[in-house]
Amino acid sequence: MSSSPTDIVRAAFRHYLAQDREAALPLYADDFTFTSPQDDHIGKAAFFERCFPTAGRVKEQRMLHVTPADGELVFAYYEYELTAGGRFRNVETITVRDGLIREVQVFFGATV
C-alpha cells in the first residue's frame, strides 16, 4: 500500500519531533535538498546532521494545515513554541515524488 504525499509529510514531521532518525531516513530521497533562510540547498546528509537534531528546542508543535497543491507538492503550515520561549509559524513547501521527499523549502514566519 502506498502512502499519499500528505501522509508522507505528516510522518516526516512525527519522526522529526520524536527524533526517530531511523524511521525518517527512508522517507527522504538520496538526492534530497533542503532550503531555509539559514540553509541553501543542503543535501540529505547535511540536513540530518544539522537540522534534524533541532527538535529538542521545540516545546510544542501543532500542524495547522497539511495541504496538497498538486500531485507532488504539499504545503505544511505549522506553529511551534521553543523551550527557550517564543511561538512562531512557518510554511514549508515539500515535494514528494515516487513516495520520497525530494525537496523542502522552509519559509520562516514571525513571532505569534
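Here the structure is a predicted model, which is why all the values come from computation and not from measurement.

Novice: Lay out the packing of aromatic side chains with the relevant residues and their values.
Specialist: Applying the stated criterion across every chain, the model contains eleven aromatic pairs. Ring geometry for Tyr 28 against Phe 47: centres 5.5 Å apart, planes inclined by 40 degrees, an arrangement best described as tilted. Residue Tyr 28 is found in strand β1 (residues 28-36), and its partner Phe 47 is found in helix α3 (residues 44-51); the two are separated by 19 residues along the sequence. We classify Phe 47 as buried; its relative accessible area is 7%. Here Phe 34 and Phe 47 contribute two aromatic rings whose centre-to-centre distance is 5.0 Å and whose plane-to-plane angle is 45 degrees, an arrangement assigned as tilted.

Novice: Residues and numbers for the nonpolar core, please.
Specialist: Counting 30 residues, the largest nonpolar core has Val 9, Tyr 28, Phe 34, Phe 47, Ile 94 and Ile 101 as the members making the most contacts within it. Those elements that place two or more of their residues in this core are α1 (5-18), β1, α3, β3 (58-68), β4 (73-82), β5 (87-97) and β6 (100-111). Sequence-distant contacts of Val 9, defined by excluding residues within four places in its chain, comprise Val 66, Val 74, Ala 76, Ile 94 and Val 96.

Novice: Would you mind going over the pairing of β4 in detail, with residue names and values included?
Specialist: For a regular strand, side chains alternate in direction, first toward one face of the sheet and then toward the other. A large share of β4 lies buried, amounting to seven of its ten residues. Between β3 and β4, which pair antiparallel one after the other, the connecting turn spans four residues. Alignment of β4 against β5, held across nine bridges, turns out to be antiparallel. Across the sheet, residue Phe 75 finds its bridge partner in β5, namely Thr 93. In this structure, the hairpin formed by β4 and β5 is closed by a connection of four residues, where Gly 85 is found at a positive phi of approximately 105 degrees.

Novice: Account for unusual backbone geometry, naming residues and giving values.
Specialist: Trans is the prevailing form of peptide bonds, just as negative phi is the prevailing case for residues other than glycine. The phi dihedral of Gln 19 is positive, around 55 degrees, even though this residue is not glycine. Turning to its location among the elements, Gln 19 is positioned in the loop between α1 and α2 (21-24). A positive phi is found at His 41, a non-glycine position, where the angle reads about 55 degrees. The residue His 41 is located in strand β2 (residues 39-43) in this model.

Conventions and cut-offs
- Residues numbered from 1 in each chain as written.
- Predicted model: local features only at pLDDT ≥ 70, side-chain atom pairs only at ≥ 80, totals over all residues.
- Heavy atoms only, no water.
- Phe/Tyr/Trp six-rings, centres within 6.5 Å; stacked < 30°, edge-to-face > 60°.
- Helix = DSSP H or I, 4+ residues; strand = E, 2+ residues; numbered from the N terminus.
- Buried < 20%, exposed > 50% of the residue type's maximum accessible area, 1.4 Å probe, protein only.
- Core = buried A, V, L, I, M, F, W, Y, C linked by side-chain atoms within 4.5 Å.
- Contact = heavy atoms within 4.5 Å.
- Pairing = 2+ DSSP bridges.

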